[in-house]
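# Results of the structural survey
For reference, the chains in residue letters:
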Amino acid sequence: MQPASGNHWRIFGPGKDEQIADAPISVGVPIEITGLVVSLGARQVLHGVDLLVRAGEFLTLLGPSGSGKTTLLMAIAGFALPDVGDIRIGSTDITALPPHRRDVGVVFQSYALFPHMTVGENIAYPLRLRRTPRAEVAARVERALALVQLGGFANRAVASLSGGQRQRVAVARAVVFRPRVLLMDEPLSALDKPLREAMQIELRGLHRELGLTTVYVTHDQREALTLSDRIAVIDNGRVVQIGTPEELYNRPTTAFVARFLGESTILPVEVSDGAVRYCGRPIGVADISADEDAQGLLIRPERLRPLPFGAQAPKDCNVFRGIVADTIFQGDSVRIEIVLQDGAVIALRSQYAKRAATPLPQRGEPIDVALAHEDAILVRRNGA
Amino acid sequence: MTSLTSSPHLRATRRMIQIRILACAPALTLVAFVLIAPVGWLSWLSVRDSSGFTFRNYSRMLVNSGYASSLETTLEVAALVTVLSVVLAYPVALLLARLRGWQARLVLAIVLLPLWTSLLVRTFAWLVLLQRHGLINSTLLTLGIIDAPLALVNNLTGTVIGMTHVMTPFVVLPVTAALQAMDPLLYQAAQSLGANRWRAFWGVVFPLSLSGVVSGVTLVFVMSLGFYVMPSFLGGGSLRMWSNRIQTNIEVYPDWGAASALGVVLLLVTAVVLTLSGRVMALVLVRGAADARG
C-alpha cells in the first residue's frame, strides 16, 4: 500500500468523479441491524442481533467458530435470510433484496475468484454486469489493480497467482464497482503468518484510503485488534460486547470477552454492599458500579507487578501472596505462574531485562504481586 | 555415463517404472488380444479378396448412394440423441450436485437404474409404450389430444427416444462431477458482484461445467455412432444406420470384407470425432492448463 493522501479516488471512473478527484469523498454509509433472527435449516443461529455499524467504520465481528459471525455477515450480503428483524444500509431497507441488488462487496474466505477468467476479467465482471462502457472498464480495472499493488496483472491467469495475490484480486474485485459497504469473511485465514500480518497492515491502509464501511469476520483476536475501529464480540448467536479494541481489552464486561481478547486469569469474588471480597479480603477495583452478577475479577498478566516478598504494599494496589509454580522465558518477556493460597493459579508477565536489578523469582519461592486498583476489573463469569 | 545415472535415487526410480510396466502387463495383453488384433484383422480383411489386394469394398460405398445416406442418418441420430441427452441430463446433474447424503444417493440410483437393466428389456419396453396402440398413443387418443395415433416407433423418432433414454446417464455423471468440483462460493460471489441467478449461472456455473459437458457429449456421440439394438428394433427396418448396414452385409450377404470395410470407416469417423472433442476440451480447459504452467 502506498499511503499517499489524496488518491483514495483512484479506483473511481473518469467523468464526474474526476472533477471532484481532489476532494475527499466520504463514501461510507451506516449499516443498521435490528432484532435479527436467522435460522439455518432447523437450527436458530442468530437470536436477535442489534448492531449499528457507523458510516466509514471498520467493524470486526469476533467470535469462536460456530458463534454465528459468518452467518451475520452472510445475512448482510443477502445469502442468509432472516426470520425476523431487518437490515438497513444507509437509508435503504435491504432485508428483502436479493444479493445482486444489495450493492455490497464481499471478499470470501476462499476468495472465490472465477478460474475461467483472467485477473482482469474477474475484476471487470461486476462492471460488465453494470454495463459500464468498455473504455471505462479497462481504466477502472487498471486502477483497482494499482490500488492493491498488482499493476500489470490484468492478463494473468488466476491459477498462476500466489495466495496473497489472489487475496488482493478478491479485494480489488469487491471494491471496483463502488459498493456501498465492504464485507470480508476471514479473508486472511488461508495465508501464512508473516503474509497475514503484512496484509493486515495493507487492509488498514486500504480502508483508510477508500473510507468504505467495512464489516470483517475473524476468530483471530490479534487480527481484530490490529484492524478494527470497533470490535463486536459474538458468542452463541448474540453480540456480547461492542467497543473499540482498547475498551474491549481494558473493560471487558464478561469473562468470555476477557478470555477471547488477550491473556487473562479470572478469580471468583463476592460482591455485596458495594464491597468486593476475595477469600474474605477486601479488594479495590476500578469500577464497583459494575452490575450485580459480576463475580469474577479479571487479572491481565502484564498488569501484575512482582514485589519483594513481604514488602510494603504500594498505594492503591491489591497484593496477592503466593508461591512461584513456574518461571517461563518467552523471548521478549517472562511468564511467572503463581499459586495463590486458595489454590488458584494466576499468571504474571513482565518485560525481560537481560541485566535485571533483581533476579527472577525461582520455582518454589514465595512471592507477592501487586495489582493496581484501576487495573482490577469486575466481569460477569457466566458467558453472556 | 555420468555418475548421475548410477545414483541410488535414479536406480530406485527406474525400478519403480519397471514395476509399473509389469503391473500394466495384464491389461495391455488384454487390449492387444481383444482390440488391436481384431481391428488389425478387420482392416486386413477389408482390403483382401480371393484375387488379392483390393479397394472394391471401399469404392462400393462411394458408388452406392445408400451408404452416404446411411452415414448421414447415423450422424443425424447421434447428433439428436446427444443434444437431447445434454438438455435432459443437465438439470438432473445440477440437482444431483447440490444434494447430499441419502437424497443424493436416491437420485443417483434413479439415474443409474436404466444402466442396470438389460438393453433388450428396455428396447421392448419402449416398443410397448410407443407403438400404434401403445400406452402413449391410447392415452393421448382417450384424452382427445390427438385424433389419429402418432407414428412414434419404427422410425427415427422412436430410435432417438430410446437411445436418449440409454445415453442420458452418460451425460449426468461427468457433468455432476464437474459441478461438484466447483467451489459453491463462486455462485454466491457472482451474485454479490451484481449477477442475478440467471446471469450467475450462464456466466460462472455453466462455463465451469463445460469440461463435463464435453466429456458427456463425446461419450454419447461416439456410442451412438455404433449403436445397433435400438435402431434395429425401434427403427423398424426403415431406419438404416451404419451398424445395421454392417449387420446386413454379414447376415444377408455373408461378405466379411464389405462388413469389415464398413467397420473401418466407422472407426475412422469415431477417431475424427474424438480428435475434435480433444481440441474442444483443450480450449475449455485452457485456463486450467495455465495452472500447470504456473
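Residues numbered from 1 in each chain as written. Chains lettered and ligands numbered in written order. Predicted model: local features only at pLDDT ≥ 70, side-chain atom pairs only at ≥ 80, totals over all residues.

## With respect to the overall build of chain A
Along the backbone of chain A there are nine helices and 21 strands. Looking at the 384 residues of chain A, the share that counts as buried comes to 40%. (Helix = DSSP H or I, 4+ residues; strand = E, 2+ residues; numbered from the N terminus. Buried ≥ 20, exposed ≤ 12 C-beta atoms within 10 Å, placed from the backbone.)

## Some words on the overall build of chain B
For chain B, the helix and strand inventory stands at 13 helices and two strands. The globule rule puts the C-alpha radius of gyration for 294 residues at 19 Å, and the 25 Å found for chain B is more than 25% above it. Viewed in the frame of its principal axes, chain B has a C-alpha envelope of about 80 × 70 × 35 Å. The buried share of chain B, taken over its 294 residues, is 29%. In chain B, once contacts between residues fewer than 6 apart in sequence are set aside, the share between residues at least 24 apart is 73%. (Rg over C-alpha atoms; globule rule 2.2 N^0.38 Å. Contact = placed C-beta atoms within 7 Å.)

## A few points about helix H6 (residues 193-210) of chain A
Residue and element names in this part refer to chain A. For H6, with 18 residues, the first-to-last C-alpha span of 25 Å sits near the 26 Å given by 1.5 Å per residue. Within H6, burial applies to Arg-196, Met-199, Gln-200, Leu-203, Leu-206, His-207, Glu-209 and Leu-210. In this fold, the buried residues of H6 make contact with strand E3 (58-62), helix H5 (163-175), strand E8 (213-218) and helix H7 (221-227). Downstream of H6 by a residue or two, Gly-211 has a phi angle that is positive, lying close to 70°. (Expected span 1.5 Å × (residues − 1).)

## Let's talk about the interface of chain B and chain A
Facing 19 residues of chain B, the contacting portion of chain A comprises 21 residues. Among the elements that make up the side of chain B that touches chain A, the one with the highest residue count is helix H8 (residues 185-192) of chain B (six residues). A breakdown of the residues in the side of chain B that touches chain A according to their chemical character gives nine nonpolar, six polar and four charged. (Nonpolar A, V, L, I, M, F, W, Y, C, P; charged D, E, K, R; others polar.)

## Here's the deal with the nonpolar core
Core analysis: the largest hydrophobic core is formed by 107 residues, its most contacted members being A:Ile76, A:Ala172, A:Leu183 and A:Val215. Apart from the residues lying within four places of it in its own chain, the contact partners of A:Val215 are A:Ile31, A:Val53, A:Leu59, A:Leu61, A:Leu73, A:Ile76, A:Val181 and A:Leu183. The next biggest cluster of nonpolar side chains, apart from the first, holds 42 residues, and it includes B:Val77, B:Ala78, B:Val153 and B:Met241. (Core = buried A, V, L, I, M, F, W, Y, C linked by C-beta atoms within 7 Å.)

## So, the sheet that holds strand E2 (residues 43-53) of chain A
Residues and elements named next belong to chain A. Within the open sheet, the four strands sit side by side as E2-E1-E4-E5. Their pairing is antiparallel. Where the open sheet ends on each side, the last strands, each with one partner, are E2 and strand E5 (92-93). Of the strand pairs in this sheet, strand E1 (residues 31-40) and E2 are connected by eight bridges, and their pairing is antiparallel. Counterpart to Leu-40 in the pairing with E2 is Arg-43. Packed on one face of the sheet, helix H2 (residues 69-77) meets E1, E2 and strand E4 (82-89) and runs near 115° to E1. (Pairing = 2+ DSSP bridges. Axes fitted to C-alpha atoms, helices over the stretch in contact; angles between N-to-C directions.)

## As for the domain arrangement of chain B
One frequent convention defines the size of an interface as the accessible area lost when the parts assemble. All names here are of chain B. Segmenting chain B into domains produces domain 1 (1-46) and domain 2 (64-293). At the junction of the two partners, domain 1 supplies five residues and domain 2 supplies seven residues. Here the residues of the side of domain 1 that touches domain 2 sort into three nonpolar, two polar and no charged. (Domains from an automatic or database assignment.)

## Structural notes on the domain arrangement of chain A
All names here are of chain A. Assigned domains of chain A: these are domain 1 (16-250) and domain 2 (255-380). On a C-alpha basis, the centres of domain 1 and domain 2 stand 39 Å from each other. Taken together, the contacts link eight residues of domain 1 with five residues of domain 2. Counting only elements with at least two residues in the side of domain 1 that touches domain 2, the list comes to strand E9 (230-235), strand E10 (238-243) and helix H8 (245-250). Split into classes, the residues belonging to the side of domain 1 that touches domain 2 amount to five nonpolar, two polar and one charged.

## What to know about the confidence of the model for chain B
Residue and element names in this part refer to chain B. When pLDDT is averaged along chain B, the result is 88; 95% of the residues meet or exceed 70. Looking across chain B, the model is least confident in helix H13 (residues 286-293), with a mean pLDDT of 45, and most confident in H8, with 95. A low-confidence stretch, residues 288-294 (pLDDT under 50), is modelled with five contacts involving residues beyond four sequence positions or located in other chains. Predicted complex metrics record ipTM = 0.81 and pTM = 0.81. (pLDDT = per-residue confidence, 0-100.)

## Re the sheet that holds strand E14 (residues 281-283) of chain A
Residue and element names in this part refer to chain A. Pairing is antiparallel across the open sheet formed by three strands, whose spatial order is E12-E13-E14. The open sheet is flanked by strand E12 (270-272) and E14, the only strands paired with a single partner. Each neighbouring strand pair of the sheet contributes to a mean axis angle of 40°, computed without reference to strand direction. Taken together, the three bridges between strand E13 (residues 275-278) and E14 define a ladder with antiparallel strand orientation.

## Some points on the packing of H8(B) against helix H9 (residues 197-225) of chain B
Residue and element names in this part refer to chain B. Where H8 contacts H9, the axes come no closer than 9 Å and their chain directions differ by 135°. Of the possible angle classes, the one that applies to H8 and H9 is oblique. At the point where H8 passes H9, the crossing takes the right-handed sense. Contacts between H8 and H9 involve Leu-186, Tyr-187, Ala-190 and Gln-191 from the first element and Ala-200, Gly-203, Val-204 and Val-205 from the second. Class assignment of the residues belonging to the contact of H8 with H9 gives a composition of six nonpolar, two polar and no charged. (Parallel < 35°, antiparallel > 145°, perpendicular 65-115°, else oblique. Left-handed = near helix turned anticlockwise from the far one by under 90°.)

## Some points on unusual backbone geometry
Residue and element names in this part refer to chain A. A positive phi is found at Arg-131, a non-glycine position, where the angle reads about 55°. Mapping Arg-131 onto the fold places it in the loop between helix H3 (119-129) and helix H4 (134-147). Positive phi outside glycine occurs at Arg-178, with the angle close to 55°. Take Arg-178: it is sitting in the loop between H5 and strand E7 (181-185). Its 19 C-beta neighbours within 10 Å are what place Arg-178 among the partly exposed residues.

## Some words on helix H11 (residues 242-251) of chain B
Residues of H11(B) that are buried: B:Trp242, B:Ser243, B:Arg245, B:Ile246 and B:Asn249. For H11(B), the arc enclosing every buried residue in end-on projection is 160°, short of the 170-degree limit, so these residues lie on one face. (Arc of directions from axis to C-beta.)

## Things to note about the environment of A:Ala311
All names here are of chain A. Following the sequence through the fold, Ala-311 ends up in the loop between strand E16 (304-307) and strand E17 (317-329). Ala-311 sits in the exposed class, given 11 other C-beta atoms within 10 Å. Distance in space between the C-alpha atoms of Ala-311 and Ile-367 is 9.9 Å, their sequence separation being 56 residues.

## Considerations on the packing of H9(B) against helix H12 (residues 256-284) of chain B
All names here are of chain B. Running from N to C, H9 and H12 point in directions that differ by 175°, and their axes come no closer than 10 Å. In terms of their interaxial angle, H9 and H12 are classed as roughly antiparallel. Residue-level contacts link Leu-210, Ser-211, Val-214, Thr-218, Phe-221, Val-222 and Leu-225 of H9 to Leu-266, Val-269, Thr-270, Val-273, Leu-274, Ser-277, Val-280, Met-281 and Val-284 of H12. Taken together, the residues that form the contact of H9 with H12 break down as twelve nonpolar, four polar and no charged.

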